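# Analysis of the macromolecular model
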Amino acid sequence: MIQLENVTQHYGVRPVLRKIDLTIDAGSLVAIIGPNGMGKSTLLGVMAGTLSPQHGTVTIDGLIRKSSVESELEIRRSTVYLPDKPWLPKSRTGREYLIGVGRLYDIPDAELLDHIERLLKVFELEKEGDWPIRSYSAGQQKKIALSSALVTRARTYLLDEPFSGGLDPSGILALKHILRHLVDRDKATVVMTTPVPELLEEIADSIVVLRQGEIIAHDSPAGLRRVIQCSGPLDEVIARLIHPRTLENLADYFEERT
Amino acid sequence: MITRWIVRWMRVVLPGSEMVWGCILGEMVIEAVYLLILARGWPADEAFFRGARIGWLSFSAWGYGISRIARFHPALNEQYRKWLETTPWTADRPLPGGPIMLRPQDLIVMAALMGLARDSTPLVLTVPVGFLLGYLTTLAFAARYCGDWLFAYLIGMGLGAILLMVQSIEVCCLVAVSFCPIALVAIQRSLRLYPWDNDLMNSKALQRQSNLEDRYRDRLGWPHDFLSPKAPKLMLPYHDGIGLSLLAGWYAFVIEFHGGMIIVCTYFSMGMLGAVLNRIVIYMKAHRWPIGLSGRFSTGRWIIPRYDVIYIAPVLAAIIIPASQWGAVAMVIWKFGRLQPFQQFYWPAAICSSLGIATASLLLLVMGPALERWRLAAPHRIVFDMTSRQSASPFVEL
């Protein structure tokens, strides 16, 4: 379980996150959604420990982030973070890289090698797994980066925009199923950000909507529809939440043209 | 038959043929010039040639001393060490590559070099002193690489004592020889610690990788390197911090003893101020302020105690260094009326200056927060700042 209490974060004068209180249950897939620059990646960075909030605490599985060396190490063992722009060792092959990450998380070798083979197969990188990462396309690099998070067998996955970065349709399909499988079968907690809501309908248990650094809604897709009283597609529901005037503005725009 | 036996016996300790021929060639050049001058009937400057001979032969002896450890101690020779690990060798057996203990052959080499100097004054003792300086210096490094920090720093202090006495070559030689039993104990201790599986040995092997990509072979990039779930390794053990600080202070004193006060007050101080900046960079590398400068001003959080604690040691060191050096200079001026190159030794000033160097070093190397713990539990913003834009970067950004 992830708990954020009264989290305020800013680099300069303007707060990026304002007094965020959020509880994410264990064994659920939560998507953080919102317009660009509204604090999605910052919120994930705070959960991942790459950022330290000016106020408030982040608690993961009962341990407060950065409160002590021991608790921080314990959190790191059970949590994996994948930023939207990771840096990969370009001279290592995809397979070597995944073995390195798996060993970092103390995954037994036999289990690790088997998992790597299955991941490379599902992401269609079996042949490319023995090539240096520098020779990969952007989409293949994204797949290997995602595999590096999945290979850790962590309890908590913090994924910043996992569906962007050149992932092809088969990769998107594979990732959707893998994430759902992690939550349903392994009772893992997955928190991800995305700027596009279309993907979330079928995989997200709940959606956190951020605007101006504040959580304006946190509910299941069905719950959000009820609140907004909109039975349309999820992107319309989200648009009504974040930009209530967008549809009115659109109507005005088309009216003027006609 | 006897000649062959002698050659075989001597070759056990001799360095590579390049070094032997280099030494012989250098000596031949000096003698050739000397003979040429005599043959032409010109007046030869005997003092100059005596100095040149002794200087060259002492330098050769110093190189020989280094080679005696560097060539034969497996801790300093990676290929040799790796091969040794495949054998059943233990510390109570002789080293298969050759002895590192002092042998009778070393006496013969010294006698030969001193004979070549053709000098009956005590100055010829520079040759064995040169040999022992090279031998002990290399042994100190070998002992530290093997994990025997106590004897490494003890020998380091001893080297300072030898240099302290350098104005009287007889005393200097006596001090150097008196350290031989300590050296022998240090060798035995270093070999008993075999197979030397320590962090320093591994990092030494890693640093040898000249290729940037090879050097970063074990790195996993961002974020796995910076959010690693493994407990971080200690950057500098406390005993090394204390040992290095004592050495810095002791060598500053030795230099001042020989009239090098200006050297200590300028070059040592500049080096120390460089170390102050370096310590700040080491801590702040990839771990920046959690809030920018404008944020600090606007929120009134001028100080973030758990982050800003890293500045205490550098600030104290930056105060102590100029204060101690200027204090020492003031003492000298008060005593002698002026400061000049190769200033006469004045012990209160030398103690003030070297104590300042030692204290500042101690603060920079030992004072907390421990880097490894601070990186895990302090409030900061982790930023991946690999020299990433360069084409030589070992990482690729997605």
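Residues numbered from 1 in each chain as written. Chains lettered and ligands numbered in written order. Predicted model: local features only at pLDDT ≥ 70, side-chain atom pairs only at ≥ 80, totals over all residues.

## Focus: the overall build of chain B
On a plain count of helices and strands, chain B comes out with 18 helices and three strands. Reported as C-alpha extents along the three principal axes, the dimensions of chain B are approximately 85 × 65 × 40 Å. The buried share of chain B, taken over its 398 residues, is 32%. Considering only contacts in chain B between residues 6 or more positions apart, those separated by 24 or more positions represent 79%. (Helix = DSSP H or I, 4+ residues; strand = E, 2+ residues; numbered from the N terminus. Buried ≥ 20, exposed ≤ 12 C-beta atoms within 10 Å, placed from the backbone. Contact = placed C-beta atoms within 7 Å.)

## A word on the overall build of chain A
Of regular secondary structure, chain A possesses ten helices and eleven strands. For 258 residues, the compact-globule estimate of 2.2 N^0.38 gives 18 Å, and the C-alpha radius of gyration of chain A, at 19 Å, lies within 12% of that figure. Along the first, second and third principal axes, the C-alpha atoms of chain A reach 60 × 50 × 35 Å. Residues counted as buried form 45% of the 258 residues belonging to chain A. Put simply, of all contacts in chain A between residues at least 6 apart along the chain, 67% involve residues at least 24 apart. (Rg over C-alpha atoms; globule rule 2.2 N^0.38 Å.)

## A few points about the nonpolar core
Counting 75 residues, the largest nonpolar core has M47, V190 and V191 of chain A as the members making the most contacts within it. L139, Y153, A176 and L191 of chain B belong to the second-largest nonpolar core, a separate cluster that totals 45 residues. (Core = buried A, V, L, I, M, F, W, Y, C linked by C-beta atoms within 7 Å.)

## Notes on the domain arrangement of chain B
Residue and element names in this part refer to chain B. Domain assignment breaks chain B into domain 1 (2-80 + 91-199) and domain 2 (246-382). Its C-alpha centre places domain 1 at a distance of 36 Å from the equivalent point of domain 2. Counting residues at the interface gives six residues for domain 1, matched by six residues for domain 2. Classifying every residue of the side of domain 1 that touches domain 2 by side-chain character gives four nonpolar, two polar and no charged. (Domains from an automatic or database assignment. Nonpolar A, V, L, I, M, F, W, Y, C, P; charged D, E, K, R; others polar.)

## Brief notes about the packing of helix 3 (residues 94-104) of chain A against helix 5 (residues 138-150) of chain A
All names here are of chain A. Taken N-terminus to C-terminus, the directions of helix 3 and helix 5 make an angle of 25°; their axes are 9 Å apart at the nearest point. Relative to helix 5, helix 3 is oriented roughly parallel. When you trace helix 3 past helix 5, the crossing you get is right-handed. Within the contact between the two elements, helix 3 uses G94, Y97, L98 and V101 and helix 5 uses I144, S147 and S148. Residues of the contact of helix 3 with helix 5, tallied by class, amount to four nonpolar, three polar and no charged. (Axes fitted to C-alpha atoms, helices over the stretch in contact; angles between N-to-C directions. Parallel < 35°, antiparallel > 145°, perpendicular 65-115°, else oblique. Left-handed = near helix turned anticlockwise from the far one by under 90°.)

## Topic: helix 17 (residues 347-366) of chain B
Between its first and last C-alpha, helix 17 of chain B extends 27 Å over 20 residues, near the 28 Å set by a 1.5 Å rise per residue. Burial analysis of helix 17 of chain B places 14 of its 20 residues in the buried class, which makes it a mostly covered element. (Expected span 1.5 Å × (residues − 1).)

## Concerning the interface of chain B and chain A
Listed per partner, the contact involves 34 residues of chain B and 39 residues of chain A. Only helix 14 (293-299), helix 18 (371-377), strand 2 (381-382) and strand 3 (395-397) of chain B provide two or more residues apiece to the side of chain B that touches chain A. Residues that form the side of chain B that touches chain A fall into these classes: 19 nonpolar, nine polar and six charged. In this sheet, strand 3 of chain B lies alongside strand 7 (residues 87-89) of chain A in antiparallel orientation, the contact comprising three bridges. Residue pairing in the sheet places W87 of chain A in a bridge with E397 of chain B of strand 3 of chain B. (Pairing = 2+ DSSP bridges.)

## Focus on the sheet that holds strand 5 (residues 63-64) of chain A
Residue and element names in this part refer to chain A. Within the open sheet, the four strands sit side by side as 2-1-4-5. Their pairing is antiparallel. Two strands lie at the open edges of the sheet, namely strand 2 (17-24) and strand 5, each paired on one side alone. As paired elements, strand 1 (residues 2-9) and strand 2 share five bridges and run antiparallel to each other. When the sheet's bridge partners are listed, Q3 is paired in strand 2 with T23.

## Considering the sheet that holds strand 6 (residues 79-82) of chain A
Residues and elements named next belong to chain A. If you walk across this open sheet you meet the six strands as 6-8-9-3-10-11, and the pairing is mixed. Each edge of the open sheet is held by one strand with a lone partner, namely strand 6 and strand 11 (214-219). Within this sheet the neighbouring strands show an average axis-to-axis angle of 15°, counted without direction. When strand 6 meets strand 8 (residues 156-160), the two strands line up parallel, connected through four bridges. Bridge pairing in strand 8 places Y81 opposite L158.

## Observations concerning unusual backbone geometry
Cis geometry marks the peptide bond from W222 of chain B to P223 of chain B, where omega comes out at 15°. Among the structural elements, P223 of chain B can be located in the loop between helix 11 (212-215) and helix 12 (238-257). The omega torsion of the bond from G368 of chain B to P369 of chain B falls at 5°, within 30 degrees of zero and hence cis. The residue P369 of chain B is located in the loop between helix 17 and helix 18 in this model. Phi angles above zero are rare outside glycine, and K19 of chain A is one such case at about 45°. As for its placement among the helices and strands, K19 of chain A is situated in strand 2.

## So, the environment of V127 of chain B
Residues and elements named next belong to chain B. Structurally, the position occupied by V127 is in helix 6 (residues 126-145). Spatially, the C-alpha atom of V127 lies 9.4 Å from that of C173, the residues being 46 residues apart in sequence. Sequence-distant contacts of V127, defined by excluding residues within four places in its chain, comprise I54, L57, S58, A61, M110, L113, M114 and A117.

## Structural notes on the packing of helix 5 (residues 104-117) of chain B against helix 6 of chain B
Residues and elements named next belong to chain B. Following both chains from N to C, one finds helix 5 and helix 6 inclined at 140°, their axes separated by 9 Å at the closest point. The angle between helix 5 and helix 6 falls in the class oblique. The hand of the helix 5/helix 6 crossing is right-handed. When helix 5 is examined against helix 6, the residues M110, L113, M114 and A117 are found in contact with a partner set consisting of V127, P128 and F131. Its residues placed into classes, the contact of helix 5 with helix 6 shows seven nonpolar, no polar and no charged.

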